[in-house]
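Listed below are the residues making up each chain.
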Amino acid sequence: MENSSRFFKNTACSYFPCHKGLDSDEFNCLFCYCPLYDREVCPGNPSYIKKADGRIIKRCTDCTFPHKSENYERIMNLLRVTKNEIPPEEYHHGGEEKTIFDFSVNTNPLGLPERVKSSLKNALNQCEIYPDQNCTRLREKIACQLKEKCHVDFISASNIVCGNGASELISLLVQAISPKNALIVEPTFSGYERALKANGCKIQRHFLSEENDFAFDEKILDSIERKTEVCRSGQGRSEEIPPDMIFLCSPNNPTGQMISPDLLKKIITACEEKGIFLVVDECFIDFTERTEESALQFTKENSHLIVINAFTKIYAMAGLRLGYLVTSNQGILQKINSLRPEWNVSTLAQIAGESALDEKAYIEKTRVLIKEEREYLSKELKALGFHTFPSEANFILFSDERKKIQKDDRADVRFSGNNLNLSENLDKILLKQGFSFRNCGNFPGLRENFYRTAVRTHEENVRLIEILSGKE
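Reading the values: the criteria
Residues numbered from 1 in each chain as written. Predicted model: local features only at pLDDT ≥ 70, side-chain atom pairs only at ≥ 80, totals over all residues. Heavy atoms only, no water. Pairing = 2+ DSSP bridges. Helix = DSSP H or I, 4+ residues; strand = E, 2+ residues; numbered from the N terminus. Contact = heavy atoms within 4.5 Å. Axes fitted to C-alpha atoms, helices over the stretch in contact; angles between N-to-C directions. Buried < 20%, exposed > 50% of the residue type's maximum accessible area, 1.4 Å probe, protein only.

With respect to topology, four strands assemble into an open sheet ordered β11-β12-β15-β14, the strand pairing being antiparallel. The open sheet has two edge strands with one neighbour each: β11 (387-388) and β14 (438-439). With two bridges connecting them, β11 and strand β12 (residues 395-399) associate as antiparallel partners. By the bridge assignment for β12, H387 is matched with S399. Most of the contacts of helix α11 (residues 360-383) go to β12, to which it runs at about 10°, and overall it touches β11, β12 and β15 (450-454).

Now the structure itself:
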């Protein structure tokens, strides 16, 4: 058996600092790095050795999986440690940096509705009581609202489960279905990949085309069909197998594009025929005027369809954490309810959610603001030489073309690049000015010169454009 320290050096172990300071003969990475350890019976004859100073060292004597050189890359890929991966600290997102202007978080710029604030203040004395772990009243109210805005009369509280934000529901859903292979339509929200990998699921990717402005098209269907046919014919690589689960975000984050009802229906039909679970994330749909095109309309006849939404974005409730999942598949709902923690939705979150659902004027005001300010930002960004992509959400994806503009000496843009450092990433430049900005370089399918800006209030948007213009 080869010495594991040949591939995993003690001094380089940043994931498990408990190894630091150990002698070379005590160092063994099996229990930290072996992907089999938490999922299968370990074949390595593991034992625990108690040292004189009280430390307990986990050792194995027979396992060869992590020690063979041909397995090194496989282990590294499973751990998502690659040479091209950008360190997390290079990316700034809301809640991580205290800035004057936060354009990294795509929540409602109007802030928490006043009605919700009042409800929360009045409900403080209820914090002494355990919350309703089934969110009974909230689910009933959500069902009523969905019937009104999406015209889905068949949805009832029994089709809904609430969670601590959409992220918890995504994780619970993956645990409940336990897919072996999943397809993600990229670039998109990283939470899908995180949940799938945490459950040992293999991931396939369908990349939307930059040349097509990252719009959803029928190539998604081709991707599903191709992988299925390759598997049935017995040709191709082993990973080319049909997915058990597909994640699709509409409007998509970070591209802002929404899928057409006709294409969505084709994808749903294909998934239903093949027994593939399709998860449609609609956390940004309420910012659009196309709520009637929600995938919810197809849930009654399609038991493999799951739709996720949240209060986080549209009601600016990121700190309260509240989301919901809708499906006609009672088996999936029962499984999720058996997995979710008791009282996972707090009393305050439930009360805030019930109150927020009454905010119809607030929603209309939000849509008007987002539409106007999105058009303003897109126009101004284009005038500065940035390439913007079409969006129907409360954020805009754009690419930084400053170096190319300077090289081409173009006169059709206001921005010459003289006042901003062309060698430094735009998000770093803005951070120095008090702006949090989302660098999208770690989204699969995007590069480091891609950015996502939230659509904020007009005053904030004007200030952003002034900074990008090089004005002090």
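Further notes follow.
Before going further, it helps to spend a moment on the pairing of β12. Side-chain positions along a regular strand alternate between the two faces of the sheet. Among the five residues that make up β12, five are buried, leaving the element largely enclosed by the rest of the structure. The side-chain alternation of β12 yields two buried faces, one formed by F395, L397 and S399 and the other by I396 and F398. Judged from the five bridges that link them, β12 and β15 form a sheet pairing that is antiparallel. Residue L397 lies in a different strand from β15, and its bridge partner there is R452.

Bringing the sheet that holds strand β5 (residues 181-186) into the picture now. Spatially, the seven strands line up as an open sheet ordered β4-β10-β9-β8-β7-β5-β6, and their pairing is mixed. Strands with a single pairing partner mark the edges of an open sheet, and in this sheet they are β4 (160-163) and β6 (202-207). Ignoring strand direction, the axes of neighbouring strands in this sheet form an average angle of 20°. Judged from the four bridges that link them, β4 and strand β10 (residues 323-326) form a sheet pairing that is antiparallel. Residue G163 lies in a different strand from β10, and its bridge partner there is G323.

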